[in-house]
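The chain contents come next:
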Amino acid sequence: MTSIQHNLQQVRQRISAAAQRCGRDPEEITLLAVSKTKPASDVEEAVAAGQLAFGENYVQEGVEKIQTLAAYPTLAWHFIGPLQSNKSRLVAENFAWCHTIDRLRIARRLNDQRPECLAPLNVLIQVNISDENSKSGIMLEALPELAQAVAALPRLRLRGLMAIPAPESDYQRQLAVCQQMAAAFHALKAYYPDVDTLSLGMSDDLEAAIAAGSTLVRIGTAIFGARDYAQHSQQ
Ligand SMILES: *Cc1c(COP(=O)(O)O)cnc(C)c1O
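Below, the structure is looked at part by part. (Residues numbered from 1 in each chain as written. Predicted model: local features only at pLDDT ≥ 70, side-chain atom pairs only at ≥ 80, totals over all residues. Heavy atoms only, no water.)

## Thoughts on the site of the ligand
Move 1: Around the ligand sit 13 residues, and of these Lys36, Asn57, Ser203, Arg218 and Thr221 come closest.
Move 2: In this structure, an oxygen atom belonging to the ligand sits 2.5 Å away from a side-chain N or O atom of Ser203.
Move 3: For the ligand, an oxygen atom lies 2.8 Å from a polar atom in the backbone of Gly220.
Move 4: With the chains in place, 90% of the 390 Å² that the ligand exposes on its own is no longer accessible.
Move 5: For the shell around the ligand, the class distribution of residues is 6 nonpolar, 4 polar and 3 charged. (Near = heavy atom within 4 Å. Polar contact = N/O pair within 3.5 Å; in protein donor to acceptor, adjacent residues only side chain to side chain. Areas by Shrake-Rupley, 256 points an atom, 1.4 Å probe, with all protein chains shown as cover. Nonpolar A, V, L, I, M, F, W, Y, C, P; charged D, E, K, R; others polar.)

What follows is the structure in structure tokens.
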């Protein structure tokens, strides 16, 4: 077994243990393997261990991997990075999901650019729940209005919410922030029947996210190891 396959097993065990501790079915929680900066060969190792959902942050890098791995049609590719308008077409044409909708303008572009031959693009609205230093995500107050506008776009399917909480090592404080997101998610779900996804939890806070009700955790380092940004040209 390779180390990626070993790491995947361990992460799956952490997810199962966290779910069982709060009486949830581990099957309710999707593991998104975040492969940013890692080569397509690492993704293939994860695929060999049964992993199907992958997250990418950089448009160009993600599209190259999707094309390299086109022989695996069952893979689901999620775009999880900040999205600039001039890159939206590549996301609309190549990805199944986009987690980082934070303005109507970008949602409209993705809607207009989503090819007819593909199913509607699954989208999540990114909420800035606790990170004063981050410019990504909308404030919770702005959510109802943006959700209503996004849900009306026919080539997008509003599936839920995503957040990247500010780094925090204390479990109780992680949990409190995750619970705020879960409350917003349940409120949204009551209005929009397609809403079923709360993208919350990374390598360091997946237990708190699952206890609060996350349905999708985004895990990079704990599966693929530390990232070497020096080797990687970001766009
Ligand atoms: C990089 C990244 C992750 C994975 O983070 P790890 O700490 O490596 O698990 C998850 N979500 C987003 C949005 C990311 O950019």
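## Things to note about helix H5 (residues 104-113)
Move 1: For H5, the set of buried residues is Ile106, Ala107, Leu110, Asn111 and Gln113.
Move 2: Next to the buried residues of H5 lie helix H4 (88-94), strand E4 (97-101), strand E5 (121-126), helix H6 (143-151) and strand E6 (156-162). (Buried < 20%, exposed > 50% of the residue type's maximum accessible area, 1.4 Å probe, protein only. Helix = DSSP H or I, 4+ residues; strand = E, 2+ residues; numbered from the N terminus. Contact = heavy atoms within 4.5 Å.)

## Focus on helix H7 (residues 171-191)
Move 1: Taking 1.5 Å of rise per residue, the 21 residues of H7 would be expected to cover 30 Å, and the 31 Å separating its terminal C-alpha atoms lies within 8% of that figure.
Move 2: For H7, every residue scored as buried is listed here: Gln174, Leu175, Val177, Cys178, Met181, Ala182, Ala184, Phe185 and Leu188.
Move 3: Summarising the contacts, the buried residues of H7 are in contact with H6, E6, strand E7 (197-199) and helix H8 (206-212). (Expected span 1.5 Å × (residues − 1).)

## Observations regarding the side chain of His78
Move 1: The residue His78 is located in strand E3 (residues 76-79) in this model.
Move 2: Of the residues examined, His78 reaches a relative accessible area of 3% and is grouped as buried.
Move 3: Once residues within four sequence positions are removed from consideration, His78 is found in contact with Leu32, Ala53, Phe54, Gly55, Glu56, Phe95, Trp97, His99 and Leu216.

## What about the pattern of salt bridges?
When charged atoms on two side chains of opposite charge get close, those side chains can pair.
Move 1: According to the stated counting rule, one finds 11 salt bridges in the structure shown.
Move 2: Here Arg103 makes a salt bridge to Asp102, at a shortest N to O gap of 2.8 Å.
Move 3: Across the pair Glu168 and Arg173 runs a salt bridge whose closest N-O atoms are separated by 3.8 Å.
Move 4: Residue Glu168 is classed as partly exposed on the basis of its relative accessible area of 30%. (Salt bridge = Lys/Arg side-chain N within 4 Å of Asp/Glu carboxyl O.)

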